[in-house]
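An overview of the molecular structure
Now for the letters of each chain:
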Amino acid sequence: MNILLIGSGAREHALAAKIAASPLCDHLFIAPGNPGTAECGTNLACDPKDHGAIVALCKERAIDLAVIGPEAPLVAGIVDDLENAGIAAFGPSRAAAQIEGSKVFTKELCRDAGIPTAAFGRFTEAAAAKAHLAKLSPPMVIKADGLAAGKGVVIANTLGEAEATIDDMLGGRFGTSSAEIVIEEFLEGEEASLFALCDGTSALPFGTAQDHKRAFDGDEGPNTGGMGAFSPAVVLDDPMVEKVLDRIVKPTLATLEKRGSPFRGFLYAGLMITREGPKLIEYNCRFGDPECQVVMPRLVTDLVTAMLAARDGMLGKFSLRFSPKKCVGVVLATKGYPGEFARGSVIQGIEAASRIEGVTVFQAGTKHHGASLVADGGRVLTIVGQGESFAEAHRRAYAGVAAIDWPGGFHRNDIGERALARSVSMSARSGEEQEPDLNPR
Ligand code: AMP
Ligand code: GLY
């Protein structure tokens, strides 16, 4: 098969590595890709926003399957445009991608289907939104309805901050994406993500992970797209995964199917594990980044076969296997990210890091400049360590980080510590050296 992968991040590098390893893949093309994906296939300069150009490229290269990594083209309906042109595509339709494209859509779906989530109100007028704040106490959660490149959520610690956020968002901070806002109850608990491979009717759990969203150690600093992750999620043991599937994922799929917009592709459930059980924070209509980089290396089943089964509605007869190994992924970002940052600083040591046993380097914001590899984005690399235990995975990931020579970058030093702390306390209790298998998913 000829396969086209759309996207250019480290998530796409992790997907590209798995697709290229499939016995079904004759040739992999990536549009636009990055220097890392170029090692897995052929990068093609094509803008995913230009659906006509993507369709033309698929015809020209005789593409049998298109796989879409990021949310923006999905929400813009690229799967509909490809399928209408006779090209098989893996990912949700425009209508199903609304689950990420509109917070209001998802909150109302949860209400209709009885899915546990934070109580909410939706507003287009600042006066009504501010009046609603009187019913809440800080922290208050304010969200732009539409896509805002991961910046559309504000957790306000004071009433003043909440009111200013309302004015800012409804005043056009994110254009039409914040013409409507959602104000939510603040959920307390531990955050985790569950991924499900969906074919419109059936959902198969596809790994779990915990992300580190703040820029600096100890969960300090501004929110980012994710500074590191580990898999599996320690708070999502098997009984909790079952609860999430039964109470959240399955009713969501059933509701979307009933409405005539079945969800096919990777469904990403962002969860808060509260004292009352798991609650949905948000859905994404694609794999997470950096979560993909820590889940994909654990997948044993052939990814292309699995994606085809999902696209063809055949998951009812399918099963997935994951390695019980653990993964810890540390993101290296350009100094200044998520704010202003410079481009063009030289990165060395990727080959040395990749030679360390159990270490994989995924590239995102990199580009070639003459004979050098230089930084060309905010999040630039994800260094993943894989091991029999979280301790081993963590050690390997940070050995990989130490092998990278990039003065222009920074990283967090505490990725995966929560998983380490749990496993150390569990082995201390059981008096064993060996870490228990917390969750093969
Ligand atoms: P989102 O972009 O919806 O993932 O939100 C960004 C982050 O804000 C989440 O990862 C949570 O850490 C936090 N968050 C969002 N909604 C809530 C909520 N209702 N209660 C507590 N934290 C939240
Ligand atoms: N890591 C968060 C996301 O992919 O949205």
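Definitions and cut-offs
Residues numbered from 1 in each chain as written. Chains lettered and ligands numbered in written order. Predicted model: local features only at pLDDT ≥ 70, side-chain atom pairs only at ≥ 80, totals over all residues. Heavy atoms only, no water. Near = heavy atom within 4 Å. Polar contact = N/O pair within 3.5 Å; in protein donor to acceptor, adjacent residues only side chain to side chain. Nonpolar A, V, L, I, M, F, W, Y, C, P; charged D, E, K, R; others polar. Core = buried A, V, L, I, M, F, W, Y, C linked by side-chain atoms within 4.5 Å. Buried < 20%, exposed > 50% of the residue type's maximum accessible area, 1.4 Å probe, protein only. Helix = DSSP H or I, 4+ residues; strand = E, 2+ residues; numbered from the N terminus. Contact = heavy atoms within 4.5 Å. Expected span 1.5 Å × (residues − 1). Right-handed = clockwise from strand over helix to strand, strands pointing away. Pairing = 2+ DSSP bridges. Salt bridge = Lys/Arg side-chain N within 4 Å of Asp/Glu carboxyl O. pLDDT = per-residue confidence, 0-100. Phe/Tyr/Trp six-rings, centres within 6.5 Å; stacked < 30°, edge-to-face > 60°.

Thoughts on the site of ligand 2
For ligand 2, the full set of nearby residues is Asp 211, Gly 225, Tyr 268, Asn 284, Arg 286, Gly 288, Asp 289, Pro 290 and Glu 291. One of the side-chain nitrogen or oxygen atoms of Arg 286 is found 2.9 Å away from an oxygen atom of ligand 2. Here Asp 289 contributes a backbone N or O atom positioned 2.9 Å from a nitrogen atom of ligand 2. Taken together, the residues of the shell around ligand 2 break down into two nonpolar, three polar and four charged.

As for the nonpolar core
Counting residues in hydrophobic clusters, the biggest one holds 50 residues, and the most contacted among them are Leu 4, Ile 54, Leu 82, Leu 194, Leu 236, Phe 263 and Leu 271. Considering every element that reaches this core, the biggest residue donor is helix α9 (residues 238-258), with eight residues. With residues up to four places along the chain from it excluded, the contact list for Leu 194 reads Gly 207, Thr 208, Leu 236, Val 241, Val 244, Leu 245, Val 249, Leu 267, Tyr 268, Ala 269 and Leu 271. Among the nonpolar cores identified, the runner-up in size contains 43 residues, and Phe 90, Ala 209, Ala 229 and Leu 303 belong to it.

Observations concerning helix α13 (residues 390-403)
If you check α13, its first and last C-alpha atoms are 20 Å apart, about what 14 residues at 1.5 Å a residue would give, namely 20 Å. Among the residues of α13, those classed as buried are Phe 390, Glu 392, Ala 393, His 394, Arg 396, Ala 397, Tyr 398, Gly 400 and Val 401.

Side note on the pairing of strand β1 (residues 2-7)
Where burial is concerned, most of β1 is hidden: six out of the six residues are buried. Burial along β1 is two-sided: the face carrying Asn 2, Leu 4 and Ile 6 and the face carrying Ile 3, Leu 5 and Gly 7 are both buried. With helix α1 (residues 10-20) bridging β1 and its parallel neighbour strand β2 (residues 27-32), the resulting β-α-β unit is right-handed. Where β1 and strand β4 (residues 65-68) come together, four bridges link them in parallel fashion. The partner of Leu 4 across the bridge, within β4, is Ala 66.

Let's talk about the pattern of salt bridges
Opposite charge on two side chains permits pairing when their charged atoms draw close. Within this structure, the stated rule accounts for 28 salt bridges. Ionic pairing is found between Arg 311 and Asp 312, a salt bridge with its closest N-O pair at 2.9 Å. Classification of Arg 311 by relative accessible area gives partly exposed; the value is 27%. One salt bridge connects Asp 414 with Arg 412, and the closest N-O pair in it is separated by 2.9 Å. The two residues Asp 414 and Arg 412 agree in class, both being buried. A cluster of three or more residues bridged by salt bridges with shared partners is formed by Glu 190, Asp 219, Arg 412, Asp 414 and Arg 418.

Notes on the sheet that holds strand β5 (residues 89-90)
Judged by pairing direction, the sheet is parallel, and its five strands sit side by side in the order β3-β2-β1-β4-β5 without closing on themselves. Either end of the sheet is taken by a strand with one partner, and the two such strands are β3 (42-43) and β5.

Quick word on the confidence of the model for the protein
The predicted model of the protein averages 94 in pLDDT, with 96% of residues at 70 or higher. Across residues 428-440 the pLDDT falls below 50, and counting only partners more than four positions away or on other chains, this stretch makes 29 contacts in the model.

Re the sheet that holds strand β21 (residues 372-375)
Strand order across the open sheet formed by three strands is β18-β21-β20, with antiparallel pairing between neighbours. The sheet is open, and its two borders are formed by β18 (346-347) and β20 (366-369), each paired with just one other strand. Here β20 pairs with β21 via four bridges, running antiparallel. The residue of β21 that forms the bridge with His 369 is Ser 372.

Some points on the packing of aromatic side chains
Counting across every chain of the model gives nine aromatic pairs. Ring centres of Phe 90 and Phe 266 lie 5.1 Å apart, and the angle between their planes is 75°; on these two criteria the pair is classed as edge-to-face. On the criterion of sequence distance, the pair formed by Phe 90 in strand β5 and Phe 266 in strand β15 (residues 264-274) is long-range, its members being 176 residues apart. No difference in accessibility class separates Phe 90 from Phe 266, as the two residues are buried. When the centroid spacing of 4.9 Å and the interplanar angle of 70° are considered together, the rings of Phe 195 and Tyr 268 count as edge-to-face. With Phe 195 in strand β10 (residues 190-199) and Tyr 268 in strand β15, this pair connects stretches of sequence that are 73 residues apart. Of the two residues, Phe 195 and Tyr 268, neither departs from the other in class, the shared state being buried. Site record: aromatic cluster; members linked through ring pairs are Phe 90, Phe 195, Phe 206, Phe 266, Tyr 268, Phe 287 and Phe 322.

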